[in-house]
4 protein chains.
Amino acid sequence: MRALVYGGPGIREWKEAPDPVLIDATDAIVGVDTTTICGTDLHILKGDVPEVTPGRILGHEAVGTIEAVGDAVTNFRPGDRVLVSCISACGRCRFCREGRYGQCRGGGGWVLGHTIDGTQAEYARIPFADTSLYKLPASVSDEEAVMLSDILPTSYEVGVLNGVVRPADVVAVVGAGPIGLAATLTARLFSPRHVITIDLADSRLELAKQFGADETVNSGRDDVVARIRALTDDLGADVVIEAVGIPETFELCTRLVRPGGRVANVGVHGKPASLALDKLWAADITITTGLVDTYSTPTLLQMVASGQLSAKPFATHHFELADIEKAYETFTNAGTEHALKVVLTK
Amino acid sequence: MRALVYGGPGIREWKEAPDPVLIDATDAIVGVDTTTICGTDLHILKGDVPEVTPGRILGHEAVGTIEAVGDAVTNFRPGDRVLVSCISACGRCRFCREGRYGQCRGGGGWVLGHTIDGTQAEYARIPFADTSLYKLPASVSDEEAVMLSDILPTSYEVGVLNGVVRPADVVAVVGAGPIGLAATLTARLFSPRHVITIDLADSRLELAKQFGADETVNSGRDDVVARIRALTDDLGADVVIEAVGIPETFELCTRLVRPGGRVANVGVHGKPASLALDKLWAADITITTGLVDTYSTPTLLQMVASGQLSAKPFATHHFELADIEKAYETFTNAGTEHALKVVLTK
Amino acid sequence: MRALVYGGPGIREWKEAPDPVLIDATDAIVGVDTTTICGTDLHILKGDVPEVTPGRILGHEAVGTIEAVGDAVTNFRPGDRVLVSCISACGRCRFCREGRYGQCRGGGGWVLGHTIDGTQAEYARIPFADTSLYKLPASVSDEEAVMLSDILPTSYEVGVLNGVVRPADVVAVVGAGPIGLAATLTARLFSPRHVITIDLADSRLELAKQFGADETVNSGRDDVVARIRALTDDLGADVVIEAVGIPETFELCTRLVRPGGRVANVGVHGKPASLALDKLWAADITITTGLVDTYSTPTLLQMVASGQLSAKPFATHHFELADIEKAYETFTNAGTEHALKVVLTK
Amino acid sequence: MRALVYGGPGIREWKEAPDPVLIDATDAIVGVDTTTICGTDLHILKGDVPEVTPGRILGHEAVGTIEAVGDAVTNFRPGDRVLVSCISACGRCRFCREGRYGQCRGGGGWVLGHTIDGTQAEYARIPFADTSLYKLPASVSDEEAVMLSDILPTSYEVGVLNGVVRPADVVAVVGAGPIGLAATLTARLFSPRHVITIDLADSRLELAKQFGADETVNSGRDDVVARIRALTDDLGADVVIEAVGIPETFELCTRLVRPGGRVANVGVHGKPASLALDKLWAADITITTGLVDTYSTPTLLQMVASGQLSAKPFATHHFELADIEKAYETFTNAGTEHALKVVLTK
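Figured I'd write up the structure that's included with this text. (Residues numbered from 1 in each chain as written. Chains lettered and ligands numbered in written order. Predicted model: local features only at pLDDT ≥ 70, side-chain atom pairs only at ≥ 80, totals over all residues. Heavy atoms only, no water.)

1. Section: empty space enclosed by the protein
Within this structure, the stated rule accounts for four cavities of 30 Å³ or more. The computed volume of the largest cavity comes to approximately 210 Å³. Among the secondary structure elements, those contributing two or more residues to the lining of the largest cavity are α3 (129-132) of chain B together with α3 (129-132) of chain C. For the lining of the largest cavity, the class distribution of residues is ten nonpolar, six polar and four charged. In this structure, the second largest cavity spans a volume of roughly 180 Å³. (1 Å grid on protein atoms, 1.4 Å probe; cavity = no way out; pocket = protein on both sides within 12 Å on 5 of 7 lines; lining within 4 Å. Points joined across faces, edges and corners; volume = space filled by probe spheres on them. Helix = DSSP H or I, 4+ residues; strand = E, 2+ residues; numbered from the N terminus. Nonpolar A, V, L, I, M, F, W, Y, C, P; charged D, E, K, R; others polar.)

2. Let's talk about the environment of D:Val304
All names here are of chain D. Residue placement: Val304 occurs in helix α11 (residues 297-305). You can call Val304 buried: its relative accessible area is 5%. Through-space distance from the C-alpha of Val304 to that of Glu144 is 7.7 Å; in sequence the pair is 160 residues apart. (Buried < 20%, exposed > 50% of the residue type's maximum accessible area, 1.4 Å probe, protein only.)

3. A closer look at the pairing of strand β9 (residues 194-199) of chain B
Residues and elements named next belong to chain B. Burial of β9 is extensive: six of the six residues sit out of reach of the surface. Both faces of β9 are covered, namely the face carrying His194, Ile196 and Ile198 and the face carrying Val195, Thr197 and Asp199. Pairing of strand β8 (residues 170-174) with β9 involves five bridges; the strand directions are parallel. Across the sheet, Val170 pairs through a bridge with His194, a residue of β9. Taking the sense of rotation as the criterion, the β-α-β connection linking β8, helix α6 (residues 178-187) and β9 turns out right-handed. As paired strands, β9 and strand β10 (residues 215-218) are joined by four bridges and run parallel to one another. Each residue of the ladder has a partner; that of Ile196, found in β10, is Glu215. Chirality of the crossover, the property in question, places the unit of β9, helix α7 (residues 202-210) and β10 among those that are right-handed. (Pairing = 2+ DSSP bridges. Right-handed = clockwise from strand over helix to strand, strands pointing away.)

4. Some remarks on the relation of the copies chain D and chain C
Turning chain D through 180° and shifting it by 0.0 Å along the axis lays it on chain C, with an RMSD of 0.0 Å. Read as a symmetry element, the transformation amounts to a two-fold axis. Mapped onto chain C, 100% of the interface residues of chain D again fall at the interface, so both copies present the same surface. (Least-squares fit on C-alpha atoms with pLDDT ≥ 70 in both. Contact = heavy atoms within 4.5 Å.)

5. Thoughts on the packing of aromatic side chains
Tallied over the entire structure, the rule returns ten aromatic pairs over all chains. On the basis of an interplanar angle of 85° and a centroid distance of 6.3 Å, the ring pair of A:Phe190 and C:Phe190 is categorised as edge-to-face. You can see A:Phe190 sitting in the loop between α6 (178-187) and β9 (194-199) and its partner C:Phe190 sitting in the loop between α6 (178-187) and β9 (194-199), one on each of two chains. Taken together, a centroid distance of 4.6 Å and an interplanar angle of 40° make the contact between A:Phe211 and A:Phe314 tilted. One end of the pair, A:Phe211, is in the loop between α7 (202-210) and β10 (215-218); the other, A:Phe314, is in the loop between α11 (297-305) and β15 (315-320), and 103 residues separate them in sequence. Through a chain of ring-to-ring contacts, the aromatic side chains of A:Tyr156, A:Phe190, C:Tyr156 and C:Phe190 assemble into a single cluster. Across from the ring centre of A:Phe95, 5.1 Å away, lies the NZ or CZ of A:Arg94, which sits over that ring. (Phe/Tyr/Trp six-rings, centres within 6.5 Å; stacked < 30°, edge-to-face > 60°. Lys NZ or Arg CZ within 6 Å of the ring centre and 35° of its normal.)

6. Observations concerning the environment of B:Cys253
All names here are of chain B. Mapped onto the elements, Cys253 comes out in helix α9 (residues 247-256). Owing to a relative accessible area of 0%, Cys253 belongs among the buried residues under this scheme. Considered as a pair, Cys253 and Leu189 are 64 residues apart in the sequence and their alpha carbons are 22 Å apart. For Cys253, the contacting residues outside a window of four places in its chain are Val174, Val240, Ile241, Glu242 and Val263.

7. Overview of the interface of chain D and chain C
On the side of chain C, 37 residues touch chain D, which itself brings 37 residues to the contact. Carbon and sulfur atoms make up 54% of the area that chain D and chain C hide from each other, which totals about 3,200 Å². The interface formed by chain D and chain C contains four salt bridges. For C:Arg100, the salt bridge is made with D:Asp284, and the minimal N-O distance between the two is 2.9 Å. (Buried area = accessible area lost by both parts, 1.4 Å probe. Salt bridge = Lys/Arg side-chain N within 4 Å of Asp/Glu carboxyl O.)

8. Side note on helix α12 (residues 324-332) of chain C
Note that an α-helix has 3.6 residues per turn; residues three or four places apart therefore point the same way. All names here are of chain C. Among all positions in α12, only Ile324, Ala327, Tyr328, Thr330 and Phe331 are buried. What you see down the axis of α12 is that its buried residues fit within an arc of 165°, all on one side. Contact partners of the buried residues in α12: β1 (2-6), β2 (12-16), α1 (39-46), β15 (315-320), α13 (334-337) and β16 (341-345). (Arc of directions from axis to C-beta.)

9. Section: the pairing of strand β1 (residues 2-6) of chain A
Of all five residues making up β1(A), four are buried, and the element is well covered by its neighbours. Connecting β1(A) to the next strand, strand β2 (residues 12-16) of chain A, in antiparallel fashion are five residues, including A:Gly8 with a positive phi near 110°.

Now the structure itself:
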């Protein structure tokens, strides 16, 4: 088969690779119908994720068709159309028993395109198929479904649910990339009074409005703290969601939150940030971090199927799978290309 | 009357001051029978708390007797023996309605010995008496009760309850001063498997054992991270309570906590700390900060009254109220004096 | 002044009554601009509520203008336009401290038009004004605001929040009177997948659709259990809200709920019901009962003000206050009159 | 092998039965070292559980040694000493993903000795071994461990955790059989102020004191409601745990609970009970039912291993496995025999 293979920092190639085979009784082989590229893949290509070694097939998002299943797989059979979750769950370890699949100690967690070969390929081996794949109803298209591999559950669980958004809340989302926009969209499920999305790019802020932000702030131009305080009787936002991953944006979040409020970090950070405990020690704030667990995937899938959530607008660019190198170009220049997610189809 | 008056950084004096009088209909005047000194009072004397201006009577902890009440006070009358809470609660603002009395926006919060005169005096005016004082049963002595003004609810609410200690948990308490010891004691209410208390002073660690720690670590000598990992199958502690208030100890807490665990900050910080988001962004951790709300005071009082909690051992040194300057000397040198709380009695 | 006075079972009269006066320092006198009639008032008139004695002025819902306040009232002054909550809160007792104002042991709870004179009058004395009244923004009309006295917080707190409605849930609301419709409306705030409202009257079910039900079932005609099971993969509803108050409807609720689901009783019951523990003991269900606490009133008020919640459609009939006897006629025959709430204006 | 075989109502026999064999890849065959008899087994023998058909091997509690495992079993291998949980968990269905293993829709739940052959035998086939067995540390004896198959997690999860026992609570446990005593014991983990255990038999009440009750009431002789009210300032108990399973005891629970309190039903009921909604509709109470999920088994096991929980005193009578018919006699007459749990050892 052909696959997108990591060759070390800066090097990727769409090339021939051995077909994956069943290794464990709980494995499935999935024929990839649709996949996409994640910001994390770009980090890997920069050499920021040293666990990924040359020769690795990248990608942890996909919609596909079951080709073969191991002896212990009971939920799926060849021909089933499935969503591949970015998180694999052994279903047996202490963390999986608590629904914290992202922290799986039994061989799962984020492994696809990371410590084992991933989904940017014609075929992929998915471990723990029964607890890591989801059957797709016909009413959900591939391009909608692939948003459920990672960005929708990540923004919903790690941002909106960890942030505990409640009716009438003021929610600030810092960052209007795909994750920030998905947080903007899914925060709406709890009927906040205001969702304010913050970014440096006006084009992204325009998008944020389409995804449900009723206020936007360009933090390069406007005083975000003042804007939030004006909307909140000088208190600050009830919930602040970090969706960038740099010290400055995290620190901004802690200035935006009200006493008693919550900061939910979703961003992938490469450096420590400063935490202003001198100002915050008495402020009753809660800060959470997290890797997605995908416990919400069935719920989100149901809402996409019923039309409650619109996943389509994330798919801004389409390519054939064989053109994945072009897709990487486009996604690498997401800002100038006005790209959110690039959808690759067989 | 006589009172301990702040005279600016480094200056305090036990001297004549005007008797307090009823100002608002919700006020009470309390004759102070017993009071104590808090670490925060030392911070004020260093000049670290600029809202405290010269002339202020210090102190926010006391047991006393009602002398007079305003027209709107219905729960108390002269002669009642009462606990003075370190937090005053207007009972009407948004935060008081949520039980977040520490964040009161209606004139309460931490005001005693801070923005209004406090309890290190023969008499004190207590605002919002109905929602800020607690009637004391005869079975609870003054020296036990005064521990309920601040250190017991602070360590219990901001440390143990924010940390969500559960049966069989491993709990690490960083700092074995009065707050850390009170956290050690009250964490036991939830039947953790291990409470490990950490400090630099062996004498404090000895005390920690008496307050319920079943393990102690001298962090100046031993590798705390290694010790906690050895006890937790290499995962880290379920709950870590910060009870010191400097960057190093907070940062240690974030290294001690397991994936999915909680860090509850109780320490009063004067500087920002570093938050290793590069290591923690995917670790599902929760960090909380907080000022005590004293919502737990009735519960804790009941447990002291019933003997479930032993508050007496905190009272290591006793003075007459008029000797408060000597008491300040002792408390300032708590380490060499082996002092936890100094109890001042009329 | 004139007031609607209870004269014993079956007897009510709009007649002269003494003007209310300030009794306690925490009282306010409110000039009633708008009031309404509650189903509970009809129960009282049937003699079902024996604590209500002849001579009592009825009514526990109103919007009005402050005429006078006691010395201890700090949040309001004459001329303020206020919402009168059906629940008065002393703000000091153990239950008020927990936000359970409905259970107030300090002289509050449901007292208006029950154990003290109420709001169906030109003036009313409101005890504990600071914790029982809410200032109204100009953007909220009287007829919208009066729905916040009782029906909106009751259905939201006791139905939707006790029922813990979550995104993608299937919610069944049994009863399409004002409370059931308000539960239908406010359940939507949590983005359930389906809200199914159940009643015997098709006209009410039509209304339910306008209030947000996407399915309705006439339980006199259709098999409700079968309909719910068909929508839920044969499991049952995630949340069932009882909004009628008779044994049959409560028992229906326990047949509609899925394993692991919740039944939130809002209905006022006059008789015990049967609880099929033989079928339910292993089903992991949760049943809640409750009197409204009105802790959600500020939140709901904000959502009415911002247009997130539409309170107007509850106001189906309008009368002058002096015509309250006619209004009682209409409300007593709510079914044939197609009445939800009758609004009485000065 | 030999096994205790159900022969229809009233009929049981220790007789030859075919050795169990591996059927599914996720199965394990366990050699039974220790088992016990549950009250439910007596119900089955009365014919109360029609899903149990003649020929079925009874029993759902055991400690044993792995004999063989299917291809998909990764956590265990022959020779491992294991706890057999009364609940089998497929680990894949919607309910297992939520930790509600008792409600498993994938072939698990309570199946042992119910819909498939059980553990009162020399060998047993355990489905879904990886998610239904627990490795035992050497420090936990068989007779302690077998209490973790059912009674300890049942009383803890369905009684104490569903009841949400908190420090300083007053907890009433209705019924002092093995489940009531285990609830009495495990309620202590949350430091309630009082645990009051209620039964008709003084001998059981004596035992309750040994298991941690600090008050006991003989409900045949004393006025339980009055006793609880005297202890609770006339309010009622914070948490009431039903551990009998008849209408009278459930109804008593609803009279014992305070406003805002919780009733956790653990008892297995054969008949509906009456629910006094006319008295309870406004009382803010929560009633829960449940089958054990065994999500707490690892926690409880850790606490038994560390000595925090003492499981031994439940084992009042000991028999050889081959003498199981005698053990049934004893357990059937538990009252006169002063038996709690009978332990059967190979």
